[in-house]
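Residue-level structure breakdown
One-letter residues, chain by chain:
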Amino acid sequence: MCGRYTQRQSADAIAKQFQLKTVPDSPPRYNIAPTQLIAAVTQPKPSSQRRFRVFQWGLVPFWVKDASLGAKPINARAETVAQKPSFRAAFRHRRCLILADGFYEWQRVGSAKQPHFFHLQDDQPFAFAGLWEQWESPQNEILETCTILTTEANEVVRPVHRRMPVMLHPDDYDQWIDPSLNVSSQLLPLLRPYPADEMAAYPVSKKVNRVSSDRPECIEPLPAE
DNA sequence: CCAGACGTTGTT
DNA sequence: GTCTGG
DNA sequence: CCAGACGTTGTT
DNA sequence: GTCTGG
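In this report, we go over the structure that sits alongside the text.

Thresholds applied
- Residues numbered from 1 in each chain as written.
- Chains lettered and ligands numbered in written order.
- Predicted model: local features only at pLDDT ≥ 70, side-chain atom pairs only at ≥ 80, totals over all residues.
- Heavy atoms only, no water.
- Helix = DSSP H or I, 4+ residues; strand = E, 2+ residues; numbered from the N terminus.
- Rg over C-alpha atoms; globule rule 2.2 N^0.38 Å.
- Buried < 20%, exposed > 50% of the residue type's maximum accessible area, 1.4 Å probe, protein only.
- Contact = heavy atoms within 4.5 Å.
- Areas by Shrake-Rupley, 256 points an atom, 1.4 Å probe, with all protein chains shown as cover.
- Lys, Arg positive; Asp, Glu negative; His and termini not counted.
- Charge placed at Lys NZ, Arg CZ, Asp CG, Glu CD.
- Phe/Tyr/Trp six-rings, centres within 6.5 Å; stacked < 30°, edge-to-face > 60°.
- Lys NZ or Arg CZ within 6 Å of the ring centre and 35° of its normal.
- Pairing = 2+ DSSP bridges.
- Axes fitted to C-alpha atoms, helices over the stretch in contact; angles between N-to-C directions.

**Quick notes on the overall build of chain A**
Tallying secondary structure elements over chain A gives four helices and 13 strands in all. Against the 2.2 N^0.38 benchmark of 17 Å for 225 residues, chain A shows a C-alpha radius of gyration of 17 Å, consistent with a compact globule. When its C-alpha atoms are laid out on the principal axes, chain A stretches across 55 × 40 × 35 Å. For chain A, the proportion of its 225 residues judged to be buried stands at 49%. Across chain A, contacts joining residues at least 24 apart in sequence account for 69% of those joining residues at least 6 apart. Approximately 11400 Å² of chain A is accessible, and the part contributed by carbon and sulfur atoms is 51%. For chain A, the centre of its 27 positive side-chain charges and the centre of its 24 negative side-chain charges are spaced 7 Å apart.

What follows is the structure, encoded as structure tokens:
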């Protein structure tokens, strides 16, 4: 699963990395949590330029009656995303890149839970595979939301947790957000565990547990006892 | 036909 | 125990 | 994902 | 909106 992550890059770095014209400035984020606004990239039309977007984390399908009620999935299983009623329309038509550079998973140790931080060895930014939706209230207010796909854990994550977010390979970015693509057989192969030998991990303090703690201390390695 | 659900994780 | 909010 | 609330009446 | 269960 993936319920917290980081996005510490500057607007300039994001613009360069993801080939975007303009990216609004925002502070580095060390503890992004569900329900918050997060940065993403879409491609509106097959030939159009990529577009920087902001979505609320937690998917609200377009057909729900009341967006204030019910579960708002923060993750969708890659294995079933093409079939599930809550996801399949977005899977076909509204895929996005969710901008990130690290994520947290919690390991059960008896009854306690120990958070761990995962990132690329070179600490470069990457993109989660995401889906987004647009929901319109009876008062015609627009709510744009998203969810992060998950897959089975690779060798780096497995000791901590069974599942991990889908980190897309940069070569697959274009294909994932290409709105003219809607064939499962071409999309599902992109949703595989990221190569473990390019990742690194270490335990961190429980400061990350608290949503209000969005600070560099969240990613500091836990001192050995 | 209508009513009700539509999700993930982990734990039992 | 379960739901909501961040 | 975790933390925190989980209730009513009436008053400020 | 669409599928499942009754």
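Text resumes after the structure shown.
**Observations concerning the packing of aromatic side chains**
Overall, the coordinates contain 11 aromatic pairs when judged by the stated rule. Where Phe 18 meets Tyr 173, the ring centres are 5.6 Å apart and the plane angle is 25 degrees; that geometry is what we call stacked. Separated by 155 residues along the polypeptide, Phe 18 in the loop between α1 (11-17) and β2 (29-32) and Tyr 173 in helix α3 (residues 173-177) bring together distant segments of the chain. Among the residues examined, Tyr 173 registers a relative accessible area of 3% and is labelled buried. Connected via pairs of aromatic rings, a cluster forms that spans Tyr 5, Trp 57, Phe 103, Phe 118, Phe 126 and Phe 128. Sitting over the face of the ring of Trp 132, Arg 53 holds its NZ or CZ atom 4.5 Å from the ring centroid. The side chain of Arg 95 reaches across the aromatic face of Trp 176, ending 5.6 Å from its centre.

**Overview of the environment of Thr 151**
Looking at the secondary structure, you find Thr 151 in strand β10 (residues 142-152). In the structure, Thr 151 is positioned 40 residues away from Leu 191 in sequence and 7.1 Å away in space, judged by C-alpha atoms. Every residue in contact with Thr 151, bar those within four places of it in the chain, is listed here: Glu 79, Arg 162, Arg 163, Met 164, Val 166, Leu 191, Arg 192 and Pro 193.

**Some remarks on the environment of Phe 52**
As for its placement among the helices and strands, Phe 52 is situated in strand β4 (residues 51-57). For the pair Phe 52 and Pro 221, spaced 169 residues apart in sequence, the C-alpha separation works out to 32 Å. With residues up to four places along the chain from it excluded, the contact list for Phe 52 reads Leu 20, Thr 22, Val 23, Pro 24, Ala 39, Ala 40 and Leu 99.

**Some thoughts on the sheet that holds strand β1 (residues 4-7)**
Spatially, the five strands line up as an open sheet ordered β2-β1-β7-β8-β13, and their pairing is antiparallel. Among the strands making up the open sheet, the edge pair consists of β2 and β13 (199-203). Looking at each pair of strands side by side, their axes are set apart by 25 degrees on average, direction ignored. One ladder, built from two bridges, connects β1 with β2; its direction is antiparallel. When the sheet's bridge partners are listed, Gln 7 is paired in β2 with Arg 29.

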